[in-house]
Structure formats: C-alpha cells, structure tokens
Amino acid sequence: MNLLKNKKKVLGGTSLVLSLLMLSACGSEGTPASSIDTTAIQDKIAKLEKKLTEQGIKNDEQAQKIAALEKKLNELGTGGLAGEDANVQTPVTAGNNGSAGKGDGVLITFAQYEKLEVGMSVEEVIEILGGEGEALSEAENMVVYNYKGAAGNGGNAVIAFQGGKLLTKAQSGLE
C-alpha cells in the first residue's frame with residue numbers, strides 16, 4: 001500500500017508539473033526566433049549612410065573645383081589673359097622636367113603649399129617647394145605641375161604657371 005501511495009504521489013506530482021508547463025506555454029508571449037532586436041544594426045547602417053553622404057558631398061566639391069580649374073586653364077590656353085596681346089608669348093622656365101610626365105619627385109607639405117601665392121615666379125615657387133614636381137602638361141607659355149604630398153596618404157597639389165608666374169593652385173589631402 002505504501003508503494004501505491006508513492007506511485008500516486010509521483011504521478012500526481014508529474015501531472016501537476018506537466019499541467020503547469022502547459023499553462024505557462026499557452027500564456028507565454030515569447031519572442032519568435034525570427035524577431036531579433038535590430039536597433040543597434042539600424043543605427044550602424046544610419047551612421048554609415050551619413051558618412052557615405054558626407055563623402056559624396058566632399059567628392060562633389062572636389063569635382064567642382066577641378067572643373068573650375070580646367071575651365072580656367074582652357075580659357076587661358078586659347079584666349080590668353082584678358083588685356084594682354086594674344087600674339088605675345090612669354091617663355092616658361094621648364095627646368096629639368098623636360099617633357100610632361102617627368103619630374104624631380106619633390107614631396108610637399110600643406111605648410112609649403114599655403115606659402116604659395118598667385119603671381120609668384122617659377123623660381124620663387126621652386127625655392128619654397130624645393131623642386132618642380134612632375135610636369136603634367138606643357139603648352140606654349142603654360143606649364144602644369146603635380147606635387148605628391150609628403151605624408152604618403154595620397155595627398156597632392158596641382159600648380160599651374162603661365163608666362164613664368166603662378167596662375168593657380170589646388171590641393172587635396174596635403175598634411
């Protein structure tokens with residue numbers, strides 16, 4: 001009889017536990033496996049999209065500056081400076097660069113670049129920068145040079161001379 005009572009207690013306890021499990025399962029509002037909190041991921045995506053937009057704006061600004069310089073160079077290359085006789089040509093000092101694509105490999109800093117002023121002579125610029133850089137283009141009385149940045153981060157400067165004088169300058173990423 002004692003054994004029968006123990007079996008009844010075990011069965012009763014087991015059925016009670018099973019009943020409680022069934023009730024808790026029915027009333028449970030557990031999170032389905034496919035519903036994961038994505039707030040942190042969405043925040044990261046939003047930050048990356050913001051950075052991408054900012055980079056696009058910077059690229060657009062650089063493209064506008066380049067287009068303006070190209071336009072200015074084209075105007076000056078075909079029509080000469082306003083108020084000057086288009087038939088008069090001033091020689092350009094080409095130094096040791098020879099033809100376009102060759103140069104002395106001078107690396108420059110932003111501090112050097114800032115010292116350059118429109119109207120300086122080729123000699124004054126060479127004194128500040130320490131050399132002529134790479135000649136990108138030479139035509140009649142105009143020379144365009146490229147200087148790589150000393151920081152090694154891909155920065156560079158483009159400097160154009162007309163008639164032996166600094167006509168324009170542009171830089172990107174110099175440090």
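Residues numbered from 1 in each chain as written. Predicted model: local features only at pLDDT ≥ 70, side-chain atom pairs only at ≥ 80, totals over all residues. Heavy atoms only, no water.

**Structural notes on the overall build of the chain**
- The secondary structure content of the chain amounts to 4 helices and 5 strands.
- For the chain, the succession of helices and strands along the chain, N to C, is α-α-β-α-α-β-β-β-β.
- Taking all 175 residues of the chain together, 21% fall into the buried category.
- Sequence separation of 24 or more characterises 57% of the internal contacts of the chain that already satisfy a separation of 6 or more. (Helix = DSSP H or I, 4+ residues; strand = E, 2+ residues; numbered from the N terminus. Buried < 20%, exposed > 50% of the residue type's maximum accessible area, 1.4 Å probe, protein only. Contact = heavy atoms within 4.5 Å.)

**So, helix α4 (residues 122–129)**
- Taken together, the buried positions of α4 are V122, V125 and L129. Each buried residue of α4 sits inside an arc of 65° when the element is viewed along its axis, so together they form one side.
- Elements that come into contact with the buried residues of α4 comprise β1 (107–108), α3 (110–115), β3 (142–149), β4 (156–162) and β5 (165–172).
- The first or second residue beyond α4 is G130, which carries a positive phi of 90°. (Arc of directions from axis to C-beta.)

**Description of the pairing of strand β2 (residues 134–139)**
- Here β2 pairs with β3 via 5 bridges, running antiparallel. For E134, the partnering residue across the bridge sits in β3 and is N146.
- In this structure, the hairpin formed by β2 and β3 is closed by a connection of 2 residues, where E140 is found at a positive phi of approximately 45°. (Pairing = 2+ DSSP bridges.)

**Some words on the pairing of β3**
- Of all 8 residues making up β3, 7 are buried, and the element is well covered by its neighbours.
- Where β1 and β3 come together, 2 bridges link them in parallel fashion. If you follow I108 over to β3, its bridge partner there is G149.

**Here's the deal with unusual backbone geometry**
- The backbone of E140 shows a phi angle near 45°, a positive value even though the residue is not glycine.
- With respect to the helices and strands, the residue E140 is situated in the loop between β2 and β3.
- Its relative accessible area of 65% is what places E140 among the exposed residues.

**Observations regarding the packing of aromatic side chains**
- Per the stated rule, a full pass over the model turns up 3 aromatic pairs.
- Measuring from centroid to centroid gives 6.1 Å for F110 and Y113, while their planes differ by 25°, and the two rings are stacked. Highlighted residues: F110 and Y113, both in helix α3, separated by 3 residues, approximately one helical turn.
- Here F110 falls in the partly exposed class, since its relative accessible area comes to 28%. (Phe/Tyr/Trp six-rings, centres within 6.5 Å; stacked < 30°, edge-to-face > 60°.)

**What about the environment of T168?**
- Assignment of secondary structure puts T168 in strand β5.
- Relative accessible area serves as the criterion here: at 12%, T168 is assigned to the buried category.
- Spatially, the C-alpha atom of T168 lies 8.3 Å from that of V158, the residues being 10 residues apart in sequence.
- Apart from the residues lying within four places of it in its own chain, the contact partners of T168 are L69, V158, I159 and A160.

Purely geometric numbers; function is a separate question.
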